[in-house]
Amino acid sequence: MLSLLNHTTVTIALGAAILGAVSGSLGSFAVLRRQSLVGDAISHAALPGLVAAYILTGAKSSLVLLTGAAVAGLLGMLIVMLISNTSRVKFDSALGLVLSVFFGLGLVLLTWIQKKPEAAMAGLDRFLFGQAAALLRRDVWMFACVAAVVFSLLAAFWKEFKILAFDRDYGVSLGMPMRSLDIILTGLVTVAIVLGLQTVGVVLMSAMIVAPAAAARQWTNRLGRMVLLAGLFGAGSGVAGAVASTAIQRLPTGPTIVLIAGFVVLVSVTAAPRRGLIAEALRRRHNRQKLRLDAVLCDLFELESQHELATPHGHTAQAIQAMSFGEGPVDKTLAELESRDLAARFGSERWTLTGKGRQRVERMIHKLESGNRHEE
Amino acid sequence: MDGSPGIKPHVVSAEAAAGEPDSTTATPSPGLAIEVSDLTVAYHDRPVLWDVDLEVPAGVLMAVAGPNGAGKTTLIKSMLGLVKPAAGRVLIHGAPYREQRTLTAYVPQRGSVDWDFPTQVLDVVMMGTYGKLGWLRRPGEKQREQAMHCLDRVGMADFWRRQISHLSGGQQQRVFLARALAQDAQVYLMDEPLQGVDATTERAIIDILRELRGQGRTVVVVHHDLQSIPEYFDWLTLLNVRRIASGPVESAFTPENLRRAYGGRVAFLSSRETGIPEKSTALSDVAVPPDEKPDWVR
Amino acid sequence: MTRSQIEIQAIAALAAAACALPGVFLVLRRMSLMCDAISHVVLLGIVVMFFVVGDLSSPLLTVGAAITGVLTVVLVEALTRTNLVKRDAAIGIVFPLLFSLGVILVSRHAGDVHLDTDAVLLGELAWAPFNRVSINGHDLGPRGLWSMGAVLVVNIALLLAFYKELKLATFDAGLAASLGLAPAVVHYGLMTVVSITAVEAFDVAGSILVVALMIAPAAAAWLVTDRLDHMLYVAVAMGVVGALGGYWAAHWMDASIAGCIATVLGLLFGITFLLAPSRGLVSLAWRRRQQKLSFAGTMLTIHLLHHEDMPEAEKENRIAHLGEHLRWGDHFAMTVVRNAEREGLVSRSDDGKLNLTSDGRSHALEVVAQ
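Scoring rules and cut-offs
Residues numbered from 1 in each chain as written. Chains lettered and ligands numbered in written order. Predicted model: local features only at pLDDT ≥ 70, side-chain atom pairs only at ≥ 80, totals over all residues. Heavy atoms only, no water. Helix = DSSP H or I, 4+ residues; strand = E, 2+ residues; numbered from the N terminus. Rg over C-alpha atoms; globule rule 2.2 N^0.38 Å. Buried < 20%, exposed > 50% of the residue type's maximum accessible area, 1.4 Å probe, protein only. Contact = heavy atoms within 4.5 Å. Areas by Shrake-Rupley, 256 points an atom, 1.4 Å probe, with all protein chains shown as cover. Lys, Arg positive; Asp, Glu negative; His and termini not counted. Charge placed at Lys NZ, Arg CZ, Asp CG, Glu CD. Buried area = accessible area lost by both parts, 1.4 Å probe. Salt bridge = Lys/Arg side-chain N within 4 Å of Asp/Glu carboxyl O. Polar contact = N/O pair within 3.5 Å; in protein donor to acceptor, adjacent residues only side chain to side chain. Phe/Tyr/Trp six-rings, centres within 6.5 Å; stacked < 30°, edge-to-face > 60°. Core = buried A, V, L, I, M, F, W, Y, C linked by side-chain atoms within 4.5 Å. Pairing = 2+ DSSP bridges. Axes fitted to C-alpha atoms, helices over the stretch in contact; angles between N-to-C directions. Expected span 1.5 Å × (residues − 1). Bend = angle between axes of the 7 residues up to and from the residue. Patch = residues over 30% accessible without salt bridge, like charges linked within 9 Å, V, L, I, M, F, W, Y side chains within 5 Å.

So, the overall build of chain C
- The number of helices and strands found in chain C is 17 helices and four strands.
- The C-alpha radius of gyration of chain C comes to 29 Å, more than 25% above the 21 Å expected for a compact globule of 370 residues.
- Seen along its three principal axes, the alpha-carbon backbone of chain C occupies a region of about 100 × 55 × 40 Å.
- Considering chain C as a whole, with its 370 residues, one finds that 55% of them fall into the buried category.
- Taking contacts inside chain C between residues at least 6 apart in sequence as the whole, the part at least 24 apart equals 65%.
- Counting only carbon and sulfur atoms, one obtains 64% of the accessible surface of chain C, whose full area is about 15,800 Å².
- Averaged over its 25 positive side-chain charges, chain C has a centre that lies 4 Å from the centre of its 30 negative ones.

Concerning the interface of chain C and chain A
- On the chain A side, the residues contacting the 57 residues of chain C number 57 residues.
- Carbon and sulfur atoms make up 73% of the area that chain C and chain A hide from each other, which totals about 4,900 Å².
- If you look at where chain C meets chain A, you find one salt bridge.
- With a shortest N-O distance of 3.1 Å, A:Arg88 and C:Asp226 are connected by a salt bridge.
- Linking chain C with chain A are 16 residue pairs in polar contact (both at pLDDT 80 or more), by the criterion used here.
- Put simply, the parts of the chain that give the side of chain C that touches chain A at least two residues each are helix H2 (32-53), helix H4 (87-108), helix H5 (117-122), helix H10 (207-224), helix H12 (257-275) and helix H13 (281-307) of chain C.
- Per-element accounting of the side of chain C that touches chain A gives the leading share, 15 residues, to H4(C).

Re the packing of aromatic side chains
All names here are of chain C.
- One pass over the structure, following the stated rule, counts 13 aromatic pairs over all chains.
- Between Tyr 247 and Trp 248 the ring centres are 5.2 Å apart and the planes differ by 80°, which places this aromatic pair in the edge-to-face class.
- Residue classification places Tyr 247 among the buried positions, given a relative accessible area of 5%.
- For the ring pair Trp 248 and Trp 252, a centre distance of 6.3 Å and an interplane angle of 40° mean the geometry is tilted. In this pair, Trp 248 and Trp 252 both sit in helix H11 (residues 228-253), four residues apart, roughly one turn of the helix.
- Owing to a relative accessible area of 23%, Trp 248 belongs among the partly exposed residues under this scheme.

Topic: the nonpolar core
- Core analysis: the biggest nonpolar cluster contains 281 residues, and B:Ile34 and B:Leu209 have the highest contact counts within it.
- With sequence-adjacent residues up to four places away left out, B:Leu209 is seen in contact with B:Leu61, B:Leu177, B:Met190, B:Val219 and B:Val221.
- Ranked by size, the runner-up nonpolar core spans 23 residues in total, among them C:Met299, C:Leu322, C:Leu356 and C:Ala364.

Regarding the sheet that holds strand S2 (residues 46-57) of chain B
- The antiparallel open sheet is built from three strands, whose spatial order is S2-S1-S4 (chain B). Of all the strands in the sheet, the pair left with one neighbour each is S2 and strand S4 (87-92) of chain B. Going from strand to strand, the sheet's axes swing by 15° on average, the running direction of each strand aside.
- Together, strand S1 (32-43), S2 and S4 of chain B form the strand contacts of helix H2 (residues 72-79) of chain B, whose direction differs from that of S1(B) by roughly 115°.
- Its contacts with the sheet put H13(C) on S1, S2 and S4 of chain B, and the angle it makes with S1(B) is roughly 130°.

Describing helix H3 (residues 60-81) of chain C
- With 22 residues, H3(C) extends 31 Å between its outermost C-alpha atoms, agreeing within 8% with the 32 Å of an ideal straight helix rising 1.5 Å per residue.
- Taken from the residues just after H3(C), C:Asn83 is the one with a positive phi, measuring 65°.

Things to note about the sheet that holds strand S8 (residues 235-240) of chain B
Residue and element names in this part refer to chain B.
- Spatially, six strands are ordered S5-S6-S7-S3-S8-S9 in an open sheet, and the strand pairing comes out mixed. Among the strands making up the open sheet, the edge pair consists of strand S5 (104-107) and strand S9 (242-248). Here the average twist between neighbouring strands, direction ignored, is 15°.

Regarding the pairing of strand S2 (residues 138-142) of chain C
- In this structure, strand S1 (residues 132-135) of chain C lies alongside S2(C), joined through three bridges in antiparallel fashion. Note on S2(C): the bridge partner recorded for C:Ile135 is C:His138.

What to know about helix H3 (residues 121-133) of chain B
- Taking 1.5 Å per residue as the helical rise, H3(B) with its 13 residues ought to reach 18 Å, and the 19 Å between its terminal C-alpha atoms agrees with that figure.
- The largest bend in H3(B) is about 35°, located at B:Met127.
- Counting buried residues along H3(B), 11 of its 13 residues qualify, which places the element largely inside the surrounding structure.
- Buried within H3(B) are the following residues: B:Val121, B:Leu122, B:Asp123, B:Val124, B:Val125, B:Met126, B:Met127, B:Gly128, B:Thr129, B:Tyr130 and B:Leu133.
- Where H3(B) is buried, its residues meet helix H7 (158-166) and helix H8 (168-173) of chain A together with helix H4 (141-153) and helix H5 (169-182) of chain B.
- Where H3(B) terminates, the next one or two residues include B:Gly134, which has phi positive at roughly 80°.

As for the environment of C:Glu124
- By the element assignment, C:Glu124 lies in the loop between H5 and S1.
- A C-alpha to C-alpha distance of 23 Å links C:Glu124 and C:Pro22, two positions 102 residues apart in sequence.

A few points about a nonpolar patch on the surface
All names here are of chain C.
- On the surface, a cluster of nonpolar side chains totalling about 480 Å² of accessible area is made up of Val 48, Val 52, Val 53, Leu 60, Val 63 and Ile 67.
- Looking at the nonpolar patch, the elements that each hand over two or more residues are H2 and H3.
- Along the chain, Ile 67 falls in helix H3.

Here's what the structure looks like:
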């Protein structure tokens, strides 16, 4: 276990954590704006920028290369916006188009440069799948600086970004420069993605944008908490993935992080309180049962109101069964009603409403009538 | 900006006119809240508004009516600078919209946003205060109180913590109205605030609109139900790409104008001398069919 | 041209045609990104099938890949139907997840598998001629030629058989359902076709190129024509031109063929986007200007009409005054007047006063009367 805490592992885990936090919180906005796949497009579109930066400067420093990647990624997104705003080609097609064409262009540049004898550019592998092991302390410092910038911009423009995501036109009517804000937000996402390329690679970076945010959405109904939670989920997946991949042989970091993030989504979608599938199923069952009880209660009430007898009397289960609409056998429901003291046995075969049951039906009828008067 | 309702439009417009060389000739008339001149808007090839002129006096409650595709929403959006006109201009209290933002509040169509957005009722209403807050400033206690007050006015104070996806259509509309109230504006532009709301909400909203008018503010409402126009509004603009009529309801709401706006299809109008139809069935359904089918299907 | 050059071009052209057909429906149905997802996920299918069969050249690998493609669609639909996650987010979660599983499997068994994730993703068309089919020692040509040809034939046959169902389900799913045409079946059927096409195509060209081959020609075709059948023809033609052009570009530059094809397809789209006859950016801008001019011309005639024969006409009906009255800039006013003169609506007397021609007068009266 000691090996888990060695220097490299800590570096990788820190890097992955910062990356997850940044992409998770920024991803919240992308997911809410139904632009989840923006990350996919930007990460693919970054390739030609990366290669071009190398060709133009010959630099191997990651800052120069990443700047090139960011420029190309942002340019790709601007083209997507241009195409989907000015033509009938929709956002998704524009995204797919830019993604594949830019990546193809990057491939051309890459193969072209690799044919040259002096080329010493790292292979495509690293770009495609990332190489967390190559993270240096210096890189983590850079991540931290970028994260600080991203988070302070998020805080500074919080209310503007919130309106951008919720009601863009309203923002324009308030005089907010929505187009510029859109570009700033996209720019921030681009920066996060370009950082991630080194660690988790092109294909998996899009998951880091979407998964933590989609998971976080299930746990809260407030934007602030969602962004915070998405950042935490992202960071947590990053750390867990980094640690797992150093602990287990031949377990690549990027895919492991994505696997964990996907698992978080699965848990959130099923188990989140209120929104989750389990909560939903329980609620539905509860409603169904309540409906069944109420239906039988009403039937009993109606049967009793048909006679004007002063003496109490009962009704057989068969009579009640005859009134119900294919609700299945009423015996069980009657037993349930008895246990709740809403109906009682009258003799051995017959049933009658208790005072509490009658009150409940009367309340229901009253509510229905007043509901008809005011629709709400 | 202290956000008090008594902003003097004359002062603002005089400044605006000085800064705006080409508005020197058109001296803003003091009593006008909105002036639309020669407004033409086209989406692709189709003109949506054609050479529309309007003058809306301050302090009226105006309905904008017309068949589907008549350009009602576009008119509101061009008043707000949300669509760029091909020609013409709009003045709000004597100056272009971008200088009069704080005088104007907007209520978009309810369907234009994702109601599953993770936010609460009070949050949405507070957005109304963002315009006057400016950059980098966060809404504080004052804005919160203001928003709560507006929620109270629309009868939604008890719902302030409710997640917005758990609201009925009428409640959503009230929240949007409260957000606009929080802007504390002089001119309110509302896109179908009565669309698909229940009778109680409709009455509540109309009461608030009348209250706004009573305070001398101007309210422009895109409205579908012709039948209720004479009851609810005192000013009317009938549109069908062109301006058909605009003026006090008594003079604009005539069978002749309605027929011109809605084409020959309106077969109602057994009108009294007042010119107000006694009964009109489902007029909101009478519509010029918009050319919205995907055109690649033949 | 050598034989292998011809073979590569033939394979590329067949792949382009086979991809363009389902691509048209992906673009129209706003499902473009499903093809991106599917093209990545097939890696998992190939790896899993390889573990089952133990043979990298088995056709079962294709079956496995197609199954994972459909699985992706099923998972995305299931996640979307919970209403907890929007469709685009569901895609963005499912495909990286399955892809990650594939990558992990590959690297866990890197020693035993000779499976290059690079090659799956990027493909290398240049090697396609070396993978040949032969029966009894008779060479029948490259495998890619046969597989792409078969996929193209199947796609065309399915398209012909289900044309009206596809069209209706794409245009109006509700109506299709009410006519008993089961849009869900069409949806899954289309996605199966996309999966199989993607698998076969990226066997020769790599997954990223598949996305380009499916989307770029279809999107460009949509800018050129309004009709579904024409759109299919144009997309196929555009795809084939892109494939051949890309091949030669790669030949001259000595660079990746797949990359060059994608780039050329992108250029073709870009050209269409700018220059398409009625929907191109240039033609839109030109038309908008024309509209503005013609509207301004109408306003000019009405203005002149109002002041005609009035005492103020001397002052009002001059170019210099238009800027003031109609709020036009000097340059714009000049352009409008020239345009109106050319159309015979207005004439200018020597002292610069503007007069309506009889055409101009009737035009103005007509507009005013409306």
